[in-house]
Amino acid sequence: MRVAVVGASGYVGSRLVPELLRRGHDVVATHHRSPATAYPWSGDVEWRRVDVHDEERVLEALEGVDAVCYLVHGLDADDFRQRDRQAADNVAYAAGVVGASRLVYFSGIVPDLPDDELSDHLLSRLEVEEILATADCSVLTLRASMVVGAGSTSFEVMRQMSTRLGVVQTVPAWMGSSVIQPVAVADAVWFLAEALERPDVTGHLDVVGPDRLSYVSLLRTYAARARLLRVQVPVWLAPVETVARVAGALVDVPSGTVESLIPSLGHDMVGDRDAADVLGEPPGGRLGVSDAVTRSLATTRAGDGAPDGASLDGDPQAPSAGDPSWSRHRSVLDWAWSTARGR
């Protein structure tokens, strides 16, 4: 099968491509500016340049493919909801025109709440899902909450915050009681690849791990696995906007992305339509949070020499040379020094 991965150079896409190659599929990898040559599989795919906001370029990029995996999300721009809708409309239209038989979208879990209680981030995910569902082919959305793995945006925010806040971590009360069901990136890419091969499954499913836990428990689990002494203290007077700005300033992840994600942390992010019930379990079963964190940190501590996390023989939980620069591990001293110098 010829599969187009729209967003192949992103975090999940870079781990999905080697999984598809292992399964014997031909991969068309799209890029916006230039091919991500840092990934070990870059020479094993056909690169096509695309601007998802340009209908003609999307049609050209998807020509001749049998299936499409859509992994594009915009969070940095002020008008990202409008831009996401436009991109989704172009992809849905193009999938039908080129004759693709399957479209899989990787989205986020959306709580069953009125629209006015959802963050713009979650509303955008839901809007894109609804638009893609109109494509003239078999469509499935896989929804996830936090994806655990070195280089994942959510994981890096947690890692960097846990390291830089010191022993006492203040946790907003509005976030402390929320429940989350994280998924290891190794399991997420398995479900995506399996979904592409199962055109009989449509609608939406939740890609989740076996553990349901509060954000406080998640932070404690991370600290234990990272061998950090940390104590979480609830803070009642912590407006969402203030928390988002402070978090954006503390981490290396782009501040706009962080500020878009933080408001979603006040909702429960658990699955009610488990993908494993329909698509089956990954070989060996799904990773729990503790094991997923441990594998994500192991090669970070080991340094150079370990297989790249996006290679055919690598662990998807591990870092990759193609991951964004803000995901590179830095000591607290390095971070403090660069912050003091205004970098």
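Structure report, in brief. Owing to the predicted nature of the structure, the values given are computational and were not obtained by experimental measurement. (Residues numbered from 1 in each chain as written. Predicted model: local features only at pLDDT ≥ 70, side-chain atom pairs only at ≥ 80, totals over all residues. Heavy atoms only, no water.)

1. Quick look at the overall build of the chain
Cut-off, in case you're wondering: Helical segments are the DSSP runs of H or I of at least four residues, strand segments are the runs of E of at least two, and each set is numbered from the N terminus. The buried label goes to any residue with under 20% of its type's maximum accessible area, the exposed label to any with over 50%, and the partly exposed label to all in between, with areas taken from a 1.4 Å probe on protein chains only. What makes two residues a contact is simply this: any of their non-hydrogen atoms within 4.5 Å. Accessibility throughout is a Shrake-Rupley quantity obtained with a 1.4 Å probe, and a residue counts as covered only by protein chains that appear here.
Tallying secondary structure elements over the chain gives 13 helices and 13 strands in all. Across the 343 residues of the chain, 56% fall into the buried class. In the chain, the proportion of contacts linking residues at least 24 apart, taken out of those at least 6 apart, comes to 78%. Total accessible area on the chain is roughly 14,700 Å²; 51% of this is exposed by carbon and sulfur atoms.

2. Thoughts on the nonpolar core
This is how the line gets drawn: We call a set of buried Ala, Val, Leu, Ile, Met, Phe, Trp, Tyr and Cys residues a nonpolar core when their side-chain atoms join them within 4.5 Å.
Membership of the largest hydrophobic core comes to 41 residues, with the highest contact counts inside it found for V5, L16, W41, F106, L142 and L192. Listing elements by their share of this core, those giving two or more residues are β1 (2–6), α1 (11–22), β2 (26–31), β4 (67–70), β5 (102–108), β6 (138–144), α7 (185–196) and α11 (275–279). In terms of residue count, the dominant contributor to this core is α7 (9 residues). Not counting the four nearest positions on each side in its chain, F106 is found in contact with V12, Y70, L71, H73, L142, A144, V147, A188 and L192.

3. Here we look at the sheet that holds β1
Heads up, the rule is: Each pair of strands is called paired provided DSSP finds at least two bridges between the two strands. Simply put, an axis is a line fit to the C-alpha atoms, just over the touching stretch for a helix, and the angle between two N-to-C directions goes from 0 to 180 degrees.
Taken in spatial order, the 7 strands of this open sheet run β3-β2-β1-β4-β5-β6-β11, and their pairing is parallel. Every interior strand has two partners, whereas the edge strands, β3 (46–49) and β11 (203–206), have only one. Across the sheet, the mean angle from the axis of one strand to that of its neighbour is 20°, orientation sign disregarded. Taken together, the 4 bridges between β4 and β5 define a ladder with parallel strand orientation. Looking at β5, one finds that C69 is bridged to V104. Along the sheet, α7 makes contact with β1, β4, β5 and β6, crossing β5 at roughly 155°.

4. Examining the pattern of salt bridges
The condition that has to hold: Each reported salt bridge corresponds to a side-chain nitrogen of Lys or Arg within 4 Å of a carboxyl oxygen of Asp or Glu.
Scanning the model with the defined rule gives 17 salt bridges in all. Here the salt bridges do not stand alone but share partners, grouping E19, R22, R23, E194 and E197 into one network.

5. A closer look at the packing of α1 against α7
Angle between the axes and distance between the axes: these two values describe a pair of packed helices. What counts is decided by this rule: We call two directions roughly parallel when the angle between them is under 35 degrees, roughly antiparallel when it is over 145, roughly perpendicular when it lies between 65 and 115, and oblique otherwise. Handedness of a helix crossing follows the sense of rotation of the near helix relative to the far helix, less than a right angle counterclockwise being left-handed and clockwise being right-handed. In this classification, Asp, Glu, Lys and Arg are treated as charged, Ala, Val, Leu, Ile, Met, Phe, Trp, Tyr, Cys and Pro as nonpolar, and every other residue, Gly included, as polar.
Orientation of α1 relative to α7, taken along the N-to-C sense of each, is 60°, at an axis distance of 9 Å. For the element pair α1 / α7, the angle class is oblique. Handedness of the crossing formed by α1 with α7: right-handed. Contacts between α1 and α7 pair Y11, V12, R15, L16, E19 and L20 from the former with V185, V189, W190, L192, A193 and L196 from the latter. Counted by class, the contact of α1 with α7 contains 10 nonpolar, no polar and 2 charged residues.

6. A closer look at the environment of H31
Convention followed: Polar contacts, as counted here, are pairs of nitrogen or oxygen atoms within 3.5 Å of one another; within protein the pair requires one atom able to donate a hydrogen and one able to accept it, and residues that are adjacent in sequence qualify only if both atoms are side-chain atoms.
By the element assignment, H31 lies in strand β2. Counting along the chain gives 19 residues from H31 to V50, while the straight-line C-alpha distance between them is 6.0 Å. For H31, the contacting residues outside a window of four places in its chain are W47, R48, R49 and V50. Among the polar contacts made by the side chain of H31, one reaches the main-chain amide nitrogen of R49 at a distance of 3.4 Å.

7. Quick word on a negative patch on the surface
Quick reminder of the rule: Exposure above 30% relative accessible area and the lack of any salt bridge qualify a residue for a patch; like charges then connect within 9 Å, and the nonpolar side chains Val, Leu, Ile, Met, Phe, Trp and Tyr within 5 Å. Only four residue types enter the charge count: Lys and Arg as positive, Asp and Glu as negative, with His and the chain ends excluded. Note on charges: their place is set at NZ of Lys, CZ of Arg, CG of Asp or CD of Glu.
A contiguous patch of negative charge on the surface is contributed by D54, E55, E56 and D89. Topologically, E56 is positioned in helix α2 (residues 55–62). Judged by its relative accessible area of 47%, E56 falls in the partly exposed class.

8. Some points on the pairing of β4
Residue alternation in β4 divides its side chains into two sets, A67 and C69 and V68 and Y70, and both sets are buried. Of the strand pairs in this sheet, β1 and β4 are connected by 4 bridges, and their pairing is parallel. By the bridge assignment, V5 is partnered in β4 with C69.

9. Brief notes about the packing of aromatic side chains
Where we set the bar: In summary, the pairing rule links any two rings of Phe, Tyr or Trp, Trp by its six-membered ring, whose centres are within 6.5 Å, and it sorts them by plane angle into stacked for under 30 degrees, edge-to-face for over 60 and tilted for everything else.
All told, the structure shown has 5 aromatic pairs when counted by the stated rule. Each ring, one from Y70 and one from Y105, has its centre 5.9 Å from the other, and the planes form 40°; the classification is tilted. A residue pair is termed long-range when its members are at least 10 positions apart, and Y70 in strand β4 and Y105 in strand β5 qualify at 35 residues. Accessibility classification places Y70 together with Y105 in one group, the buried group. Summarising the aromatic geometry, the rings of W190 and F191 are spaced 5.2 Å apart at their centres and angled 80° between planes, so their arrangement reads as edge-to-face. The same class applies to W190 and to F191, which are both buried. Linked through ring pairs, Y39, W41 and W47 together constitute an aromatic cluster.

These figures come from the coordinates and say nothing about function on their own.
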